[in-house]
Amino acid sequence: MTTDQRIAEVSLTAVLDLGDATPDGPATLELRGPLDPSVLRTALARIASGSPAPRGEQPRLRRHGPGHHTLECSGRYPLGALADLLTAAHPPPGAPERERSDRELADQERSDRELPTRERPDRELPELFEPTPLQREMLAESASCPAPQVGQLFWRWHGPLDTGRFTAAWQAVFDCETVLRAAFVRDPEPRVAVYPRSSPDVVRHRHGTVTRQALMERERLRGFDLSRPGMLRAALLDGEPQEGYVPPTDVLLTYHRGLLDSWSVRLLLQEFYRAYVDSGTLRGGERRPDLRDYRRWLSAQGQGPAGEVFARRAGVTAAALPRAPAGAVTRRHGTGRTGARLNRTEAARLARWSVRRGATESVVLQAVWAMLLYRAAGRVRGPAEVNFSVLVSGRGITMEGIARVPGPFGNPLPMTVEVDPRRTVPELLRDVRDRALDIAACEWVSAGQLRAAAAGPLNGPETLLSFEHRLRPLEDLGADLAAQGIQVTDPDPAAPQTGFPIGVVAYYDSTGGLVLSSVHDRGRLDDDGVAALLAHSARLLRELPLGAGDVSTIAEVLSGLAGDEVPRLYDAVAGQLVCLRPAREPGAGTVCLVGPSGPGDGHDDRHDELVGCYPGPQALAVLRGHPDQAGAALCPSVGSPVGPLMDPPAGSPAGSPAGTTGPLVLGAFSGSGALACELARSLASHYGRPPLVVLGTEGTAGDGVADFARHLAAAAERSGREGLAARK
């Protein structure tokens, strides 16, 4: 079997040459691997219908041999988006591309032009639609913390648990829920891509191989590859075996908040239970309404009272956490987790006291947080504004059926409250309650939209509060599970890591206690300060129902807190260009991998494989930090992640990254092609022409990584030859 034939059966790799980066200049997309003609036709139709720039332009297809084609077009055509679509479409396993004559291809191309777009088959191509503003903002933040936008639910399963049936039940849910078959691609802006099929990731661990806390941390750090569908996975941990007794199993669901919120996962869990008791099947077809319907509803809405509600807070300087000195560092990294708890009696007392004050427990928590932020500001005297974000459900809207639609609706919105130490606690509770009602009137509007609507700048909150609400249990499900010897506890949430330096989630556990769980960025907040802040929160929630009367002032309440330990906020560390492997010889150049960060902290196992099998002498690097923030990538400045690529040292040949000589090649996996092309165009002004972009199939692994590495090396060699010819 020839090399080209083997490639055609393994993966599809695209090499993009943007020419001189001018709109009218030539550009080419070279495809190595299986090219299904119907998939190509559908992809071209998708581009023609969704992108205004190439209207009237049809790329010219040249066939060079088995598994080798080139598309030629102008520089204005969105080649990166086309490459993303083609590399996202997988051929059936073991079905290599059939040899076709030039006449067959010409006849097919002519007939395709005569077919209406709506009649062209979609086959393996995903359905694309615009993300919501909230999704865009979460994607932009997704590289700013070690495990970006990852949420978790965990609970205990008592009774027999069949892994095959468990997986089949989740597969049934995946088949009915478009959100579980969704991922993100760039076109060149982010798009939501819904695939025809996706499989659940279920892993079972034997007792003693890992602790529950270690498993939760491991799964959180894995994160998700945003270009792959299936952004919910399950991990099972067996209990200690006992003779004559079925040990319980700990169940952990990990999900990405760009497509799901906690309420949504609880909805999906109910559907899973229905499928499990029915032997892994689920009656009914695909759910509607779904996220696509919500996006259409959202497009028809304005911002309601959002501008009025938030405009009056614009320009107000709010008291904030004290800042650490410029340049100071915590000398720690990763995430820290802290917890506090009110027992059942204390939680019930708080609930009764809240009702008597005309508030809810969540309002009391927000008032306590406001007082503690005021206290943490230190030098503040007299009244001052404090601000923080609160997570609203996003489901208090007029769209029919929204309460049962799974999606990313949990929305962090800023709350600004004036804290005056001379005022009473009941007065503060009323102010917080009124602000919460104001926010609820526009909870479908994202924080970014609010900043744009405000008359002046809004101070960005540094903390996030959320109060977790549980679904009402379905009695028939409990009975059906019990009939099969199964009993499950209500799932508890782990505080999700977001773009905020600290987030706190409150929820009632299965015993009736009120749990406060926090997660913080250890690079921005010290552990002791966060622990003190959470301990003070729990203490005030215990003590307010016991001693805060109608005339108790905020100053009196805060005076009872001992110690002066408060968290200091350290500056965020910018993204960076990370060297995976140095060049093996002078002047070899650099291959830089770009695009949305992969699992967890931006580490991608495919990068490790690539280092091990890359045959060329070039240095290997990866752009980590904020690749989803297009502004930083396209308009780099001092300190930006791509800064080293923009400023080659004096005397280096064109296309040389800082600290190296030789050409630059950009590499990416499917879903990042459009982003890589935009970055390549932005680099053209510094290098004389855009670097080549090599795009691998999103499912690339094993032999696929070796093929991808070989094509990267060939592109680097080609860039070196063309660069030398140009200099001569």
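This structure is a prediction, so every number in the text was calculated from the model and none was measured.

Moving on: the overall build of the chain. Secondary structure assignment for the chain yields 22 helices and 24 strands. Across the 728 residues of the chain, 56% fall into the buried class. Accessible surface for the chain amounts to roughly 30,500 Å². Of this, 51% is attributable to carbon and sulfur atoms.

Pairing is antiparallel across the open sheet formed by three strands, whose spatial order is 5-8-7. Since the sheet does not close on itself, it has two edges, and those belong to strand 5 (127–129) and strand 7 (182–186), each with one partner. Here the strands of the sheet are splayed against their neighbours by 35° on average, with no regard to which way each runs.

The next point concerns the confidence of the model for the chain. Confidence along the chain averages 81 in pLDDT terms, with 78% of residues attaining 70 or more. Within the chain, the element-level pLDDT minimum falls on helix 19 (residues 630–634), averaging 35, and the maximum on strand 10 (residues 232–238), averaging 97. Taken together, the stretch residues 90–105 has pLDDT below 50 and engages in 20 contacts with residues farther than four places along the chain or on a different chain. The low-confidence segment residues 724–728, where pLDDT is below 50, has two contacts with residues more than four positions distant or belonging to other chains.

The subject of this paragraph is the sheet that holds strand 19 (residues 514–521). Across the sheet, six strands lie side by side as 12-19-18-15-13-14; this open sheet has mixed pairing. In this open sheet, the two strands that pair with only one neighbour each are strand 12 (335–342) and strand 14 (411–419). Recorded for the sheet is a direction-independent mean angle of 25° between the axes of neighbouring strands. Of the pairings in the sheet, the one linking strand 13 (residues 384–392) to strand 15 (residues 463–467) comprises two bridges and is parallel in character. For V390, the partnering residue across the bridge sits in strand 15 and is L465.

As a further point, take the pattern of salt bridges. Summed over all chains, the structure comprises 39 salt bridges. Between R287 and E177 there is a salt bridge whose closest N-O contact spans 2.7 Å. With R287 in the loop between helix 8 (262–277) and helix 9 (291–299) and E177 in the loop between helix 6 (163–176) and strand 7, this pair connects stretches of sequence that are 110 residues apart. The exposure classification of R287 matches that of E177, with both residues buried. Across the salt bridge formed by R542 and E346, the nearest N and O atoms sit 3.2 Å from each other. Residue R542 is located in helix 16 (residues 527–547), and its partner E346 is located in helix 11 (residues 344–356); the two are separated by 196 residues in the primary sequence. Three or more residues joined by partner-sharing salt bridges are found here, namely E127, R181, E286, R288, D290, R292, D293 and R296.

Our next topic: the environment of S682. Looking at the element boundaries, S682 is found in helix 21 (residues 673–687). S682 gets classed as buried once you look at its relative accessible area, which sits at 14%. Along the primary structure S682 and A21 are separated by 661 residues, whereas in three dimensions their C-alpha atoms are 9.0 Å apart.

Okay, the state of the cysteines next. Evaluated as defined, the whole model comprises zero disulfides. C677 forms no disulfide, and the closest cysteine sulfur to it belongs to C73, at a distance of 10.0 Å.

By secondary structure assignment, the location of T338 is in strand 12. Judged by relative accessible area, T338 falls into the buried class, the value being 19%. In this structure T338 touches L516, S517, S518, H520, V530, A531 and L534, once residues within four positions along its chain are discounted.

Let us look at the packing of aromatic side chains. How two aromatic rings sit relative to each other is set out by the distance from centre to centre and by the angle between their planes. Inspection of every chain in the model, using the stated rule, returns 13 aromatic pairs. With a centroid separation of 5.1 Å and an interplanar angle of 80°, the aromatic rings of W157 and Y276 are classed as edge-to-face. In this pair, W157 sits in strand 6 (residues 150–158) while Y276 sits in helix 8, placing the two residues 119 residues apart along the sequence. Consider the rings of W170 and F272, whose centres lie 4.8 Å apart with planes at 10°: the pair is stacked. Here W170 is found in helix 6, whereas its partner F272 is found in helix 8, with 102 residues between them in sequence. The same class applies to W170 as to F272, namely buried. An aromatic cluster is defined as three or more aromatic residues linked by ring pairs; in this entry it consists of W157, F166, W170, F272, Y273 and Y276. A cation over a ring is seen here: R165 above Y276, with NZ or CZ 4.4 Å from the ring centre.

At their nearest, the axes of helix 11 and helix 16 sit 9 Å apart, and the two run at 55° to each other. Viewed along their axes, helix 11 and helix 16 adopt a mutual orientation that is oblique. The handedness of the crossing between helix 11 and helix 16 comes out as left-handed. Contacts between helix 11 and helix 16 involve E346, R349, L350 and W353 on the former and, on the latter, L541, R542, L544, P545 and L546. A breakdown of the residues in the contact of helix 11 with helix 16 according to their chemical character gives six nonpolar, no polar and three charged.

Turning our attention to helix 6. An α-helical segment advances 3.6 residues per turn. Residues three or four places apart therefore align on the same side. With 14 residues, helix 6 extends 20 Å between its outermost C-alpha atoms, agreeing within 8% with the 20 Å of an ideal straight helix rising 1.5 Å per residue. Looking at the buried side of helix 6, the elements it contacts are strand 6, strand 9 (201–205), strand 10, strand 11 (249–256) and helix 8.

Every other side chain in a regular strand lies on the same face of the sheet, so the side chains alternate between the two faces. Counting buried positions over the nine residues of strand 13 gives eight, a clear majority of the element. Bridge count for strand 13 against strand 14 is nine bridges, and the pairing is antiparallel. Among the inter-strand pairings, V392 is bridged to a residue of strand 14, identified as N411.

As a further point, take unusual backbone geometry. Between R288 and the following residue, P289, the backbone shows a cis peptide bond with an omega angle of 0°. Note on placement: P289 falls in the loop between helix 8 and helix 9. With phi around 70°, A21 is a residue other than glycine that occupies positive phi space. By the secondary structure assignment, A21 is in the loop between strand 1 (13–17) and strand 2 (26–32). If you check the backbone angles, S279 has positive phi at about 60° while not being a glycine. Mapped onto the secondary structure, S279 falls in the loop between helix 8 and helix 9.

So, on to the side chain of S446. Tracing the chain through its elements places S446 in the loop between helix 13 (425–440) and helix 14 (447–453). Accessibility expressed as a relative area gives 1% for S446, which makes it buried. The residues touching S446, leaving out its near neighbours within four places in the chain, are P133, L134, E137, N411 and L413.

Calculation notes
Residues numbered from 1 in each chain as written. Predicted model: local features only at pLDDT ≥ 70, side-chain atom pairs only at ≥ 80, totals over all residues. Heavy atoms only, no water. Helix = DSSP H or I, 4+ residues; strand = E, 2+ residues; numbered from the N terminus. Buried < 20%, exposed > 50% of the residue type's maximum accessible area, 1.4 Å probe, protein only. Areas by Shrake-Rupley, 256 points an atom, 1.4 Å probe, with all protein chains shown as cover. Pairing = 2+ DSSP bridges. Axes fitted to C-alpha atoms, helices over the stretch in contact; angles between N-to-C directions. pLDDT = per-residue confidence, 0-100. Contact = heavy atoms within 4.5 Å. Salt bridge = Lys/Arg side-chain N within 4 Å of Asp/Glu carboxyl O. Disulfide = S-S within 2.5 Å. Phe/Tyr/Trp six-rings, centres within 6.5 Å; stacked < 30°, edge-to-face > 60°. Lys NZ or Arg CZ within 6 Å of the ring centre and 35° of its normal. Parallel < 35°, antiparallel > 145°, perpendicular 65-115°, else oblique. Left-handed = near helix turned anticlockwise from the far one by under 90°. Nonpolar A, V, L, I, M, F, W, Y, C, P; charged D, E, K, R; others polar. Expected span 1.5 Å × (residues − 1).

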